[in-house]
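Working through the structure, step by step
So the chains spell out like this:
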Amino acid sequence: DSGPQVIERPFNVLKDENVTLTDAQLARLFELRQQVGELQARLDMATRTANQIKEHVDQAEDAMELVDDLAESVTEMAEQLGDDVDDVIEKLRGAPRRPGQGGSTDPPAVRQNLQAAAGVNRATAMPTARELAALEAVPDALDAEIARLNEMLTERMPAFFRALDDAGVPWTPGRPIR
């Protein structure tokens, strides 16, 4: 038989002698890296969702201009949703910097804290106290903004879409097709 052969043999994986971390430290570093990866994935999902909500609200506001005598309540819903999603985006990504603008006194955005925690990706040292503190701040801040987004998605956006339909606003993406 001239087909492929499978040879099985045991082997040992040895730690590089230049790595001075203990096995326990390496295990902890692996856990921290897993945590950063999971938080980054959740941050990406939240950011994409927030951007999509913002796009739906912006498109609806454009369509609202085509309706005469639009109820003030619909305009207020759009403005409040727009303001709230902008706030979520700022807390996730950070505020845009403008020339001549001083440093912000606001807490760092979720993305900034994750970037500060990047030390967990070093192979030869444990993260610094600053990096660990930045990483520790991420889950609660991210969870808070995800809760706001989920409330927008499950409650406020459907109510907004119903108000748009009731007001006769032309269809926009994100709304059910009638």
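Structure shown above.
Definitions and limits used
- Residues numbered from 1 in each chain as written.
- Predicted model: local features only at pLDDT ≥ 70, side-chain atom pairs only at ≥ 80, totals over all residues.
- Heavy atoms only, no water.
- Helix = DSSP H or I, 4+ residues; strand = E, 2+ residues; numbered from the N terminus.
- Contact = heavy atoms within 4.5 Å.
- Polar contact = N/O pair within 3.5 Å; in protein donor to acceptor, adjacent residues only side chain to side chain.
- Phe/Tyr/Trp six-rings, centres within 6.5 Å; stacked < 30°, edge-to-face > 60°.
- Buried < 20%, exposed > 50% of the residue type's maximum accessible area, 1.4 Å probe, protein only.
- Patch = residues over 30% accessible without salt bridge, like charges linked within 9 Å, V, L, I, M, F, W, Y side chains within 5 Å.
- Areas by Shrake-Rupley, 256 points an atom, 1.4 Å probe, with all protein chains shown as cover.
- Salt bridge = Lys/Arg side-chain N within 4 Å of Asp/Glu carboxyl O.
- Lys, Arg positive; Asp, Glu negative; His and termini not counted.
- Charge placed at Lys NZ, Arg CZ, Asp CG, Glu CD.
- Core = buried A, V, L, I, M, F, W, Y, C linked by side-chain atoms within 4.5 Å.
- Axes fitted to C-alpha atoms, helices over the stretch in contact; angles between N-to-C directions.
- Parallel < 35°, antiparallel > 145°, perpendicular 65-115°, else oblique.
- Left-handed = near helix turned anticlockwise from the far one by under 90°.
- Nonpolar A, V, L, I, M, F, W, Y, C, P; charged D, E, K, R; others polar.
- Expected span 1.5 Å × (residues − 1).
- Bend = angle between axes of the 7 residues up to and from the residue.

Observations concerning the environment of Glu-131
Inspection of the secondary structure assignment puts Glu-131 in helix H4 (residues 129-166). Each C-alpha atom of the pair Glu-131 and Asn-113 lies 8.2 Å from the other, and the pair is 18 residues apart in sequence. When sequence neighbours within four positions are dropped, the list of residues in contact with Glu-131 reads Ala-116, Ala-117, Gly-119 and Arg-122. From its side chain, Glu-131 meets the backbone nitrogen of Thr-128 in a polar contact 2.7 Å long.

Here we look at the packing of aromatic side chains
Taken as a whole and assessed by the stated rule, the structure comprises 1 aromatic pair. Ring plane angle 35° and centroid distance 6.2 Å describe the contact between Phe-160 and Phe-161, whose orientation is recorded as tilted. In this structure Phe-160 comes out as buried when scored by relative accessible area, which is 0%. On the basis of relative accessible area, Phe-161 is assigned to the buried category, the value being 9%.

Re unusual backbone geometry
Its identity is not glycine, yet Asp-69 carries a phi of approximately 55°, on the positive side. The residue Asp-69 is located in the loop between helix H1 (23-64) and helix H2 (72-93) in this model.

Notes on the side chain of Asp-84
Along the chain, Asp-84 turns up in helix H2. Apart from residues no more than four positions distant in its own chain, Asp-84 is found in contact with Arg-148, Met-152 and Arg-156.

Re a negative patch on the surface
Taken together, Glu-72, Glu-76, Glu-79 and Asp-83 make up a surface patch of like negative charges. On the secondary structure map, Glu-76 appears in helix H2.

Side note on the nonpolar core
Counting residues in each nonpolar core, the largest one holds 39 residues, and the members touching the most others are Met-64, Leu-92, Leu-142, Phe-160 and Leu-164. Listing elements by their share of this core, those giving two or more residues are H1, H2, helix H3 (110-116) and H4. Here this core gets 12 residues from one element, more than from any other, and that element is H1. Each residue touching Leu-164, except ones within four places of it in the same chain, is listed here: Ala-60, Met-64, Val-74, Val-169 and Arg-175.

Quick word on the environment of Phe-160
One can find Phe-160 in helix H4. When the C-alpha atoms of Phe-160 and Met-77 are compared, they prove to be 6.6 Å apart, with 83 residues separating the residues in sequence. Leave out the neighbours within four places in its chain, and Phe-160 touches Val-57, Ala-60, Met-64, Val-74, Met-77, Ala-78 and Leu-81.

Topic: the packing of H1 against H4
Relative orientation of the contacting elements H1 and H4 amounts to 30°, with a least axis distance of 9 Å. With respect to each other, H1 and H4 are oriented roughly parallel. The interaxial crossing formed by H1 with H4 has left-handed handedness. Across the contact of H1 with H4, the residue classes break down as 23 nonpolar, 3 polar and 2 charged.

Some thoughts on H4
Since the α-helix turns once every 3.6 residues, residues separated by three or four places project in the same direction. Between its terminal C-alpha atoms H4 stretches 54 Å, which fits the 56 Å expected from 38 residues at 1.5 Å a residue. If you look at H4, its biggest bend is around 40°, right at Met-152. At the C-terminal side of H4, Gly-168 shows a positive phi close to 80°.

Some details on the packing of H1 against H2
In contact at an axis separation of 9 Å, H1 and H2 are set at 155° when each is read in the N-to-C sense. When the axes of H1 and H2 are compared, the pair comes out roughly antiparallel. The crossing of H1 and H2 is left-handed. Where H1 approaches H2, its residues Leu-43, Ala-46, Thr-47, Ala-50, Asn-51, Ile-53, Lys-54, Val-57, Glu-61 and Met-64 are matched on the opposing element by Val-74, Thr-75, Ala-78, Glu-79, Leu-81, Gly-82, Val-85, Asp-86, Val-88, Ile-89, Leu-92 and Arg-93.

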